[in-house]
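# Observations on the model geometry
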Amino acid sequence: MSATLLIIAEDEHMRWVYFRALSSVGYEVRAVESDGEGHRLISETVPQLVLLDLDALNWNGMLILQKLQQEHPQLPVVVVNHQTGLEKTLQALKLGACDYVHKPFDLQELRVTVEKALKMESLQEEVRFLRQQVGRGYGEFELIGQSQAIKSIQQLVDQVANSTATVLLQGERGTGKETVARALHYQSQRREKPLIIFDCSAVPEKLVDRELFGQEDFEQRHKGALMMAQGGTLYLKEITALSLPMQASLFEVLNRRFFRPFQGEKEQVVDVRFITSTTRNISQLVKQGLFREDLYYHIRIVPVLLPPLRQRMEDISSLAHHFLKRYDSTGRIHGFTASAMAALESYQWMGNVKELATVVERSILLCQQEWIDRDDLYLPEVAECSYDSSYEQVRKDRDFIERTIEKVRAEMDDKNEQRQKSIERPGKQRENVERQNHERQSNERKGYERLDRKRSRKENILNNIERIQEEKVKALCAISEEEQAPLPKKKDKVIQGAGFTLVLQDDESIFIEEIEKRLIQYALERYQGDQNQASRALGMTRASLASRMQKYQINQGSRRRW
Ligand SMILES: Nc1ncnc2c1ncn2[C@@H]1O[C@H](COP(=O)(O)OP(=O)(O)OP(=O)(O)O)[C@@H](O)[C@H]1O
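Since this is a predicted model, take the numbers as computed values, not measurements.

## Comments concerning a negative patch on the surface
A contiguous patch of negative charge, built from Asp11, Glu12, Glu33 and Glu37, is present on the exposed surface. As for its placement among the helices and strands, glutamate 12 is situated in helix 1 (residues 12–23).

Next up, the structure:
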């Protein structure tokens, strides 16, 4: 029982009583008359508890309590008051006093109250510590990285952690959005309150309302994520997955700082810090009317962009060592060989930091030696591929493909229109011809039917391309192996592109060839005519690129601008 206690009491006799009662059971006690003296002692002796006598004539004990709470919010304060001043006692408890003793009191009662308050404080301290450990264990909210990007993000986190400004985290999957959200929470004063992570894309649309805002009716009471995060932080992951009506409800909450649980009657105050994230181009979604503009401005007070790992290769070494420490709990592995590190630093990391973490974890399991070598990494073959597949470039490629498909579609439509006109024209003369020649009329009809069939085949192909295009874009953005384009059927034709694959049915050769030709022109343009790089990006050999260039009469001298 060696805790240090500080007694603040105006009355000298009472100071002596407190001093005797508490020092006699082993506490180290300091007793002062004024709060000024008290504050000086707090910084000098760091007491574990303050006993404050409110029953004074010449000074306002409540003001002292208020000041103590503001300056030392963790310090437990037990107040002593006269039993007739119940109202004052209640007010003191509201202001943050942890317990009280009423005069006249029994000395034993005073000691028990102090002991209880100290125990409570030590439990709270333990909870704080465990929460921090849990936070560390799960989120590793420490941001690792040497790159300027990570340093700036860490600086931003330090600056805004303690505010309630909404933060919008943008970046590909696995770039560390949740890690930043955790850093923001655990570095803020809200760290002792919960951090609730709500994945908007993982909850079925019908249930989002209930799971987010909770439900209150006669039969059930379900605490939603918002309620659970009270006093703490709510991280809304993949916010763009929310339906427009849910976006409207969320906007209301953010705007009014009140919410009403599903089917509930009473409005509740919202004391929550909101952090949101998305892997999608949210401003584009706003333009397309798929995401509310007002909500967008509300959630992006502090926008943070997490660059893909391949754009900050200088982070790889520190991250790899960080994951080694995290996953090799026995300390069996000493580190990475130079060749392993070189492999890690030249891989494209389309799955970002998450993929790096998985690779390191797996290599620890597979490594038989004390140093992880290149072979222990089991990096996919793609690692050999060194073409520039940065996120920006992937997006450019995607835009290019979209534009190409649109152009070819428009050109095909034009051609078809002209063909149709040319068929219609003779159709007028047909009236005369028909009278003379029935056979010719039936040929015409067959011609129309053929054209219709061809048109519907073309529609199919366009649909097919768009579907594959969508899947591929998803795969490029989501970088999930399962989401890759389906294997082509035997008769399908495959066009590999700079970071994409188009699978086409093989009967519309003009259409396919036109797209292929343009993709080749585009790849050559992108690599300034370097056929080695272009063929690698297109997924074909140098020889087949050359033969196609010949076939399509692509002259490298006359490059096209896209
Ligand atoms: N800068 C970093 N420092 C330390 N660890 C990191 C960092 N960035 C990411 N990580 C780790 O990488 C893994 C993936 O990170 P995180 O879950 O934060 O990514 P995310 O962008 O939220 O992913 P997703 O979009 O798929 O949810 C986690 O294990 C996380 O601890």
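## Considerations on the packing of aromatic side chains
Enumeration according to the criterion identifies 5 aromatic pairs in this entry. Ring plane angle 50° and centroid distance 5.2 Å describe the contact between tyrosine 296 and tyrosine 297, whose orientation is recorded as tilted. Among the residues examined, tyrosine 297 registers a relative accessible area of 46% and is labelled partly exposed. Relative to tryptophan 349, the ring of tyrosine 347 has its centre 4.5 Å away and its plane inclined at 85°; by these criteria the two rings are edge-to-face. Just as tyrosine 347 is buried, tryptophan 349 falls in that class too.

## Some thoughts on the UniProt feature "modified residue: 4-aspartylphosphate" (unreviewed entry) in the protein chain
Per the UniProt record, the feature "modified residue: 4-aspartylphosphate" (unreviewed entry) sits at Asp53. Along the polypeptide, aspartate 53 turns up in strand 3 (residues 49–53). Engagement of the side chain of aspartate 53 in a polar contact is seen with the side chain of tyrosine 18, the distance being 2.8 Å.

## A closer look at the site of the ligand
Taken together, 20 residues are adjacent to the ligand, and Ile144, Lys177, Thr179, Arg326 and Lys354 come closest. For the ligand, an oxygen atom lies 2.6 Å from a polar atom in the side chain of threonine 179. A distance of 2.7 Å separates an oxygen atom of the ligand from a polar side-chain atom of lysine 354. Burial of the ligand by the surrounding chains reaches 91%, relative to a free accessible area of 630 Å².

## Topic: the pattern of salt bridges
In the structure shown here, the tally under the stated rule is 10 salt bridges. Between aspartate 315 and arginine 312 there is a salt bridge; the shortest N-O distance is 3.1 Å. For the pair formed by aspartate 315 and arginine 312, the shared burial category is buried. Three or more residues are tied together by salt bridges with common partners; here these are Asp53, Asp55 and Lys103.

Conventions and cut-offs
Residues numbered from 1 in each chain as written. Predicted model: local features only at pLDDT ≥ 70, side-chain atom pairs only at ≥ 80, totals over all residues. Heavy atoms only, no water. Patch = residues over 30% accessible without salt bridge, like charges linked within 9 Å, V, L, I, M, F, W, Y side chains within 5 Å. Areas by Shrake-Rupley, 256 points an atom, 1.4 Å probe, with all protein chains shown as cover. Salt bridge = Lys/Arg side-chain N within 4 Å of Asp/Glu carboxyl O. Lys, Arg positive; Asp, Glu negative; His and termini not counted. Charge placed at Lys NZ, Arg CZ, Asp CG, Glu CD. Helix = DSSP H or I, 4+ residues; strand = E, 2+ residues; numbered from the N terminus. Phe/Tyr/Trp six-rings, centres within 6.5 Å; stacked < 30°, edge-to-face > 60°. Buried < 20%, exposed > 50% of the residue type's maximum accessible area, 1.4 Å probe, protein only. UniProt positions renumbered as here; feature names shortened; annotations may be inferred. Polar contact = N/O pair within 3.5 Å; in protein donor to acceptor, adjacent residues only side chain to side chain. Near = heavy atom within 4 Å.

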